[in-house]
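A closer look at the structure
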Amino acid sequence: MIFLIEYNRSEGRIVTFRDFDDSQRREAEDSRLEIELDLKRKGLDHEVVLLEAASKDALHVTHERYFADLRQMLESAVKTNGTGVPRPTIGDASKCERA
Amino acid sequence: MKMCKMAVSKTQIDRLGDRLKGGSHSESDLRLLEDYRRSFGEAYKAVVRTIRQREGSPTGRLAKSTRSIVEKLRRESIRLSQMQDIAGCRVVVANIVEQEQFVAYLRTDFPGASVIDRRDNPSYGYRAVHIIAMISGKPVEIQVRTALQHLWADLSEKSSDVLDPTIKYGGGPDEWRDFLTKSSESVAAYEKVEKATSIVVAAYEAMVTAHEEFKTGTAELLEDDLPDHEVQKIRGELGEWTRKMERAEQEVQEIRGKMVRLWNVNADRLNKMISWLDKLKGQKQ
């Protein structure tokens, strides 16, 4: 899947979020350009990015910063230690898992 | 929307880069940049396809955002045509052992690729391995991060967004900078132990297998009518095996304990930063 994200960095929040099928790559690219042109006209400085991932969950793993605030990210990091067992563990074959 | 299909020269791209850097770019510049970014599409697809064949789960960034391109042009003495991360993807693996394995796969899949290993020489605390694969003359950046390296990078990036944009490059509030520096070092220390653990665990597992084989073999021998001194010898060797196993098991436990202690230090730091953030928020209100 392809995800189009318009992100307001200083506020740390998503302004626009759209998803596209893999076959709609051209449409996704066109939409991104339209947003960039619109931002230019309005004089706004947002980050506009196209990301491709197997699912929204997979996107959250690799690009959590778009979705969570800083406190949530710190809390999530602490929780990994909730059991007292260090993560990730040696021999854990799973890929793309958040520690 | 129709895109311009004309080939764009390196000079035109670099001039575009200059306008972007200077903030004087027009709407047609944005369209030209988009055209340039799209020219990396086939190379990007080839890289992602190869990674998926290795059972990696990449998240692809089809093309770098305009804002990130402008910032990089302003930050570094680099021309737009030299930028190697216009297209790229990120793979997050569980631990450093898997990271080394995955990087080895990529070296095989993309012979001649540049490998930038930032684990021993971090960039402002950022640790990861970046591989620049060249496909038909187009560079595609593959970021390979462990889950912990990724966690650190995410915190650095997010805090640069919302606290201070200079954090990513060593600036920002003292407390936060200190936290990022120390936690990067402690992730490095943790991963060093993690790597050592994998060697100890592999040796221990080999020992368990050998011990089982020895026990099975000697059990058969003991069923035979052996002279007493032979039986004593076998039992002695079995006893020695058991002691070796106990020592190895203890070593594995100790090393795991060390990992837990290292991780707990990090957790304390994270908790402190949650309190620091809350305090900061309270002051702003």
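Our subject is the structure that appears above.
Residues numbered from 1 in each chain as written. Chains lettered and ligands numbered in written order. Predicted model: local features only at pLDDT ≥ 70, side-chain atom pairs only at ≥ 80, totals over all residues.

**Examining the nonpolar core**
In terms of nonpolar packing, the biggest core is built from 59 residues, with Leu50 of chain A together with Val47, Val91, Ile131, Ile142 and Val144 of chain B touching the most fellow members. Here the element with the most residues in this core is helix H6 (residues 147-162) of chain B; it accounts for six residues. Apart from residues no more than four positions distant in its own chain, valine 144 of chain B is found in contact with Val91, Val93, Gln99, Phe102, Val103, Ala128, Val129 and Ile131 of chain B. One finds Ile13, Leu16, Leu20 and Tyr36 of chain B within the second-largest nonpolar core, a separate group that totals eight residues. (Core = buried A, V, L, I, M, F, W, Y, C linked by C-beta atoms within 7 Å. Buried ≥ 20, exposed ≤ 12 C-beta atoms within 10 Å, placed from the backbone. Helix = DSSP H or I, 4+ residues; strand = E, 2+ residues; numbered from the N terminus. Contact = placed C-beta atoms within 7 Å.)

**Comments concerning helix H3 (residues 41-53) of chain B**
Counted at 1.5 Å a residue, the expected span for H3 of chain B with its 13 residues is 18 Å, and the 19 Å between its end C-alpha atoms agrees. Structurally, H3 of chain B contributes buried residues whose contacts are with strand S1 (59-63), strand S2 (87-93), strand S4 (129-135) and strand S5 (138-146) of chain B. (Expected span 1.5 Å × (residues − 1).)

**Topic: the interface of chain A and chain B**
Counting residues at the interface gives 45 residues for chain A, matched by 48 residues for chain B. Taken together, the elements giving at least two residues each to the side of chain A that touches chain B come down to helix H1 (25-42), strand S3 (47-52), helix H2 (56-62) and helix H3 (70-79) of chain A. At seven residues, the largest contribution of residues to the side of chain A that touches chain B is made by H3 of chain A. Looking at the side of chain A that touches chain B residue by residue, the class counts come to 22 nonpolar, seven polar and 16 charged. Relative to S1 of chain B, S3 of chain A runs antiparallel, the two sharing three bridges. Within the sheet, the bridge partner assigned to leucine 50 of chain A lies in S1 of chain B and is alanine 63 of chain B. (Nonpolar A, V, L, I, M, F, W, Y, C, P; charged D, E, K, R; others polar. Pairing = 2+ DSSP bridges.)

**What to know about the environment of serine 65 of chain B**
Topologically, serine 65 of chain B is positioned in the loop between S1 and helix H4 (66-75). Under the C-beta neighbour-count criterion, serine 65 of chain B is labelled buried, with 20 such atoms within 10 Å. Here the alpha-carbon distance between serine 65 of chain B and alanine 87 of chain B, two residues 22 residues apart in the chain, equals 9.8 Å. The contacts of serine 65 of chain B, once residues within four sequence positions are left out, are Glu47, Val48 and Val49 of chain A.

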